[in-house]
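Residue-level structure breakdown
This is what each chain is made of:
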Amino acid sequence: MTRRSRLLTTATAGVTAALLLAGCGGGDGDKSKSNDKITGADTGPSASASPSASASAAALGRPKITLPSDLTYAFEWAKTGNEKKDAVLSDTEQFIKAVDMAIAKQAPLDKAYRFYSEGLAAAGSQKFIQEFVDYKDRITGAKRYFDAKVQINNDGTAGLVYCEDQTKAYNKSLKTGKTEVTKASKDDFVLYNSLLQLNKQGVWITEKLTSQRGSSVCQS
């Protein structure tokens with residue numbers, strides 16, 4: 001399995017990044033696409049702990065996320081001071097972890113990631129997880145997320161763009177127990193662009209997700 005397989009690159013087949021950028025930027029999608037930036041999106045401070053969930057996990061029936069001890073995360077996006085934006089960041093963090101938990105469990109239909117995703121994002125996640133199941137691999141090491149930009153749109157949806165650093169994250173074989181350590185490269189930096197919707201339970205659900213490997217935005 002190559003390093004490419006670790007990325008959620010197939011989450012929104014047929015949905016371009018320009019579409020989501022237009023949703024975040026209030027009509028400036030073409031301009032945003034040209035320079036890999038969001039027009040009109042707020043940027044929170046970096047190098048801080050991720051925000052806590054906006055509501056009680058028990059009250060919402062949130063699934064418990066349990067991950068291997070050799071897989072760690074650094075979410076370097078701080079609270080924005082806006083309740084909705086902070087909830088978007090928090091629920092996205094849970095979605096990311098839930099997908100990795102499904103990989104560790106070798107469960108393509110695990111209920112946790114489906115609690116935080118629907119539509120194209122859920123379908124893409126299932127396909128991504130299935131690749132790991134087919135290869136009998138999971139993820140180990142450390143993953144870093146940073147430079148989050150959130151926009152709450154007039155129609156009630158939210159746009160989120162963020163970066164991932166995979167330089168210290170690797171594939172681990174469940175058959176041999178060996179870790180495939182690969183040399184770091186620009187392709188380990190990934191730009192994600194997601195569209196979210198608040199559901200009746202008060203959870204921000206990821207509906208669409210695109211990614212760009214080797215993005216210059218995440219290496220600046």
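Scroll up a little and you will see the structure.
Residues numbered from 1 in each chain as written. Predicted model: local features only at pLDDT ≥ 70, side-chain atom pairs only at ≥ 80, totals over all residues. Heavy atoms only, no water.

As a further point, take the overall build of the protein. Secondary structure assignment for the protein yields six helices and seven strands. The secondary structure elements of the protein, listed N-terminal to C-terminal, are α-α-β-α-β-α-α-α-β-β-β-β-β. Working note: accessible area of the protein is about 10200 Å², and carbon and sulfur atoms make up 50% of it. (Helix = DSSP H or I, 4+ residues; strand = E, 2+ residues; numbered from the N terminus. Areas by Shrake-Rupley, 256 points an atom, 1.4 Å probe, with all protein chains shown as cover.)

It is worth spelling out the packing of aromatic side chains at this point. Scanning the model with the defined rule gives nine aromatic pairs in all. Measuring from centroid to centroid gives 6.3 Å for Trp-77 and Tyr-145, while their planes differ by 45°, and the two rings are tilted. With Trp-77 in the loop between strand S2 (71-76) and helix H4 (83-105) and Tyr-145 in strand S3 (residues 137-152), this residue pair connects regions lying 68 residues apart in the sequence. With 4.9 Å between their ring centres and 75° between their planes, Phe-115 and Tyr-116 make a pair best called edge-to-face. (Phe/Tyr/Trp six-rings, centres within 6.5 Å; stacked < 30°, edge-to-face > 60°.)

Overall, the coordinates contain nine salt bridges when judged by the stated rule. When the shortest N-O distance is used, the salt bridge between Arg-62 and Asp-91 registers 2.9 Å. With Arg-62 in the loop between helix H3 (57-60) and S2 and Asp-91 in helix H4, this pair connects stretches of sequence that are 29 residues apart. Comparing Arg-62 with Asp-91, the two get one shared label, buried. One salt-bridge network, held together by shared partners, links Asp-70, Arg-138 and Lys-172. (Salt bridge = Lys/Arg side-chain N within 4 Å of Asp/Glu carboxyl O. Buried < 20%, exposed > 50% of the residue type's maximum accessible area, 1.4 Å probe, protein only.)

The next point concerns unusual backbone geometry. With the exception of glycine, the majority of residues adopt a negative phi angle, and the majority of peptide bonds are in the trans configuration. Unusually for a residue other than glycine, Gln-106 sits at a positive phi of about 55°. When you line up the elements, Gln-106 lands in the loop between H4 and helix H5 (111-115). Backbone geometry places Lys-136, a non-glycine residue, at a positive phi of 60°.

Moving on, we come to the packing of H4 against helix H6 (residues 119-135). Running from N to C, H4 and H6 cross one another at 35°; their axes reach a closest spacing of 9 Å. Crossing of H4 against H6: the hand is right-handed. Within the contact between the two elements, H4 uses Phe-95, Val-99, Ala-102 and Ile-103 and H6 uses Ser-125, Phe-128, Ile-129 and Phe-132. For the contact of H4 with H6, the class distribution of residues is seven nonpolar, one polar and no charged. (Axes fitted to C-alpha atoms, helices over the stretch in contact; angles between N-to-C directions. Left-handed = near helix turned anticlockwise from the far one by under 90°. Contact = heavy atoms within 4.5 Å. Nonpolar A, V, L, I, M, F, W, Y, C, P; charged D, E, K, R; others polar.)

Before going further, it helps to examine the pairing of S2. Alternating residues of S2 divide into Leu-71, Tyr-73 and Phe-75, all buried, and Thr-72, Ala-74 and Glu-76, none buried. Sheet topology places S2 next to S3; six bridges connect them, and they run parallel. Note that in S3 the partner of Tyr-73 across the bridge is Lys-143. (Pairing = 2+ DSSP bridges.)

What follows is about the nonpolar core. Counting residues in each nonpolar core, the largest one holds 37 residues, and the members touching the most others are Trp-77, Leu-160 and Tyr-162. Within the residue set of this core, elements represented by two or more residues are S2, H4, H5, H6, S3, strand S4 (157-173), strand S6 (189-198) and strand S7 (204-213). Ranked by the residues each element gives to this core, the list is headed by H4, at ten residues. Ranked by size, the runner-up nonpolar core spans seven residues in total, among them Phe-146, Val-161, Cys-163 and Leu-191. (Core = buried A, V, L, I, M, F, W, Y, C linked by side-chain atoms within 4.5 Å.)

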